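One letter stands for each residue in the lines below.
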Amino acid sequence: MSVDRLLPTPEAHDLLDLTAELATRELAGKVDDFEARGEFPREVLRTLGRAGLLGLPYPEADGGAAQPYEVYVQVLEILAGTWLGIAEAVSVHTLSCFPVAGFGTPEQRKMLPDMVGGELLGAYALSEPQGGSDAAGLTTRAVADGDDYVLNGTKAWITHGGRADFYNIFCRTGGDGARGISCVLADASTPGLLPQAPERLMGLRSSAPAQIVLEDARVPRDRLVGVENEGFAIAMKALDAGRLGIAACAVGLAQAAVDYATGYAKEREQFGKPIASFQGLGFMLADMATQVSAARALLLNASRLKDHGRPFTIEAAKAKLFATDMAMRVTTDAVQVLGGYGYSADHPVERWFREAKVLQIVEGTNQIQRLVIARSMTK
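None of the values given here were measured: they were computed from a predicted structure.

**Some details on the overall build of the protein**
When helices and strands are tallied, the protein shows twelve helices and ten strands. In terms of C-alpha radius of gyration, the protein reaches 21 Å, essentially the compact-globule figure of 21 Å for 379 residues. Looking at the 379 residues of the protein, the share that counts as buried comes to 53%. Contacts in the protein between residues far apart in sequence, at least 24 positions, make up 74% of those at least 6 positions apart. As presented, the protein carries roughly 16300 Å² of accessible surface, and 53% of it is formed by carbon and sulfur atoms. Seen as two clouds, the 37 positive and the 46 negative side-chain charges of the protein have centres 5 Å apart.

**Things to note about the UniProt feature "domain: Acyl-CoA oxidase/dehydrogenase middle" (unreviewed entry) in the protein**
Feature annotation in UniProt assigns "domain: Acyl-CoA oxidase/dehydrogenase middle" (unreviewed entry) to the following positions: residues 123–216. In the segment residues 123–216, helix accounts for 0% and strand for 49%; the C-alpha atoms at its two ends are 20 Å apart.

**Topic: the packing of aromatic side chains**
Counted according to the given criterion, the structure contains six aromatic pairs. Looking at Arg221, its charged tip hangs above the ring of Tyr149, at a distance of 5.4 Å from the centre. When the ring centre of Tyr69 is taken as origin, the NZ or CZ atom of Lys306, which lies over that ring, is 4.8 Å away.

**Some details on the nonpolar core**
In this structure, Leu48, Val73, Ile86, Val90, Leu244 and Val330 are the most contacted members of the largest nonpolar core, which totals 75 residues. The dominant element in this core, judged by the number of residues it contributes, is helix H8 (residues 231–267), at 16 residues. Aside from chain neighbours lying at most four places away, what touches Ile86 is Leu27, Pro41, Val44, Leu45 and Leu48. Among the nonpolar cores identified, the runner-up in size contains 23 residues, and Tyr124, Leu138, Leu185 and Phe232 belong to it.

**A look at helix H4 (residues 69–80)**
With twelve residues, H4 extends 16 Å between its outermost C-alpha atoms, agreeing within 8% with the 16 Å of an ideal straight helix rising 1.5 Å per residue. Burial analysis of H4 places twelve of its twelve residues in the buried class, the great majority of the element. Check the buried side of H4 and you find it contacts helix H1 (10–27), helix H3 (42–50), helix H5 (84–103), H8 and helix H9 (279–307).

**With respect to H1**
Its 18 residues give H1 an end-to-end C-alpha distance of 25 Å, which sits within 8% of 26 Å, the value for a rise of 1.5 Å per residue. Lining the buried residues of H1 we find helix H2 (31–37), H3, H4 and H5.

**Points about the pattern of salt bridges**
Tallying each qualifying case throughout the model produces 23 salt bridges. Its salt-bridge partner being Arg25, residue Glu26 comes within 3.3 Å of it at the nearest N-O pair. Judged by relative accessible area, Arg25 falls into the partly exposed class, the value being 49%. When the shortest N-O distance is used, the salt bridge between Lys110 and Glu107 registers 3.1 Å. Accessibility assignment for this pair places Lys110 and Glu107 in one class, exposed. Each of the salt bridges in this network shares a partner with another, and the network as a whole consists of Glu21, Arg25, Glu26 and Lys30.

**Re the packing of H4 against H9**
Think of two packed helices as two axes; the pair is described by the angle between the axes and how far apart they sit. Interaxial distance between H4 and H9 falls to 8 Å at its minimum, and their mutual angle equals 145°. For the pair H4 and H9, the contacting residues are Tyr69, Glu70, Val73, Gln74 and Glu77 in the first and Arg296, Leu299, Leu300, Ser303, Arg304, Lys306 and Asp307 in the second. Each residue belonging to the contact of H4 with H9 can be placed in one class, and the counts come to four nonpolar, two polar and six charged.

**Quick notes on the state of the cysteines**
Under the criterion given, the structure shown has zero disulfides. For Cys249, which is in no disulfide, the shortest distance to another cysteine sulfur is to Cys97 and amounts to 16 Å. For Cys249, a relative accessible area of 0% gives the class buried.

**A look at a negative patch on the surface**
Where like charges cluster on the molecular surface, the negative patch consists of Glu11, Asp14, Asp17 and Glu60. The residue Glu11 is located in helix H1 in this model.

**Describing unusual backbone geometry**
Even without being a glycine, His160 presents a positive backbone phi close to 75°. Here His160 is to be found in the loop between strand S3 (148–158) and strand S4 (166–172). A positive phi angle, near 70°, is found at Asn229, a position not held by glycine. For Asn229, the location among the structural elements is in the loop between strand S8 (224–225) and H8. Its relative accessible area of 22% is what places Asn229 among the partly exposed residues.

Reading the values: the criteria
- Residues numbered from 1 in each chain as written.
- Predicted model: local features only at pLDDT ≥ 70, side-chain atom pairs only at ≥ 80, totals over all residues.
- Heavy atoms only, no water.
- Helix = DSSP H or I, 4+ residues; strand = E, 2+ residues; numbered from the N terminus.
- Rg over C-alpha atoms; globule rule 2.2 N^0.38 Å.
- Buried < 20%, exposed > 50% of the residue type's maximum accessible area, 1.4 Å probe, protein only.
- Contact = heavy atoms within 4.5 Å.
- Areas by Shrake-Rupley, 256 points an atom, 1.4 Å probe, with all protein chains shown as cover.
- Lys, Arg positive; Asp, Glu negative; His and termini not counted.
- Charge placed at Lys NZ, Arg CZ, Asp CG, Glu CD.
- UniProt positions renumbered as here; feature names shortened; annotations may be inferred.
- Phe/Tyr/Trp six-rings, centres within 6.5 Å; stacked < 30°, edge-to-face > 60°.
- Lys NZ or Arg CZ within 6 Å of the ring centre and 35° of its normal.
- Core = buried A, V, L, I, M, F, W, Y, C linked by side-chain atoms within 4.5 Å.
- Expected span 1.5 Å × (residues − 1).
- Salt bridge = Lys/Arg side-chain N within 4 Å of Asp/Glu carboxyl O.
- Axes fitted to C-alpha atoms, helices over the stretch in contact; angles between N-to-C directions.
- Nonpolar A, V, L, I, M, F, W, Y, C, P; charged D, E, K, R; others polar.
- Disulfide = S-S within 2.5 Å.
- Patch = residues over 30% accessible without salt bridge, like charges linked within 9 Å, V, L, I, M, F, W, Y side chains within 5 Å.

This is the structure we're talking about:
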């Protein structure tokens, strides 16, 4: 089923057409193999970078495409409908470019063309094994020593961990709480920066995260991004935008599930007619399609607020919450539409069902999204 999209410019239409073409040509034939082997698709990401898809929301002066978020999230949606691991990787890489793009020194910003062009792959190292949702309680510490910071600690659930070329490491340079956190930009080659084995995941096996252990890792102090002890604000601003990316991934995944289940229901016959003609199943498909449209509307509204410089934190939380819960429901229903075949790896709905779950967890669990929204309502 094609999606009727209202886009701001003819260029945006061309960009989405290019994305759909790349998804068909570069992604569709590879996803099952890479997922089965748990292999990270680095060359696929380079191809997308050279096509301009890894720096879409960043200015042309930095090597980006100067596209509004309204367009960027729809690109992610198309990618997620073919290969969620790739869409999530694009979203995380785009997030990883944000600290330098928004707060970097002139010298740091010289890296941006290679960052947003995808020649340098980024990682965003905020979470820790014991921290979970309490990002302000992180314990990785950076101690000033001459011209360097010496970093010790462990970062967890790092997308592109062990594959990235640069890491935004959020670490404690001051006292307890949010006011003591800084952001340090570290090269992957930094001695003492030690990626661990990738996690064994339910889904997203081609883009599994890994822990990063820091053992006396020395990072030059001129790699401090922004102001010392004020890195927590950078982290939160990045996550606001990152939540839009995850919501877009959820919408794309769910749209693919609706399309596949609908196609199957029109072909599969029982009692002498297609199962789509039975009201119980038809109503299920109608509810699935409506939920996807509602999530897309929330996502685009939040994206347009961001594009117009309006506050969008709460709307991003709503979009992430609703879209990812929706994706879990819709992929569950898609499995049900296919019946026993939906539980078989011969059909992609089984993979989409497993992948949908992680979207309710990453970039802030949905319980945290509810907390953010509730607090905004009761201030």
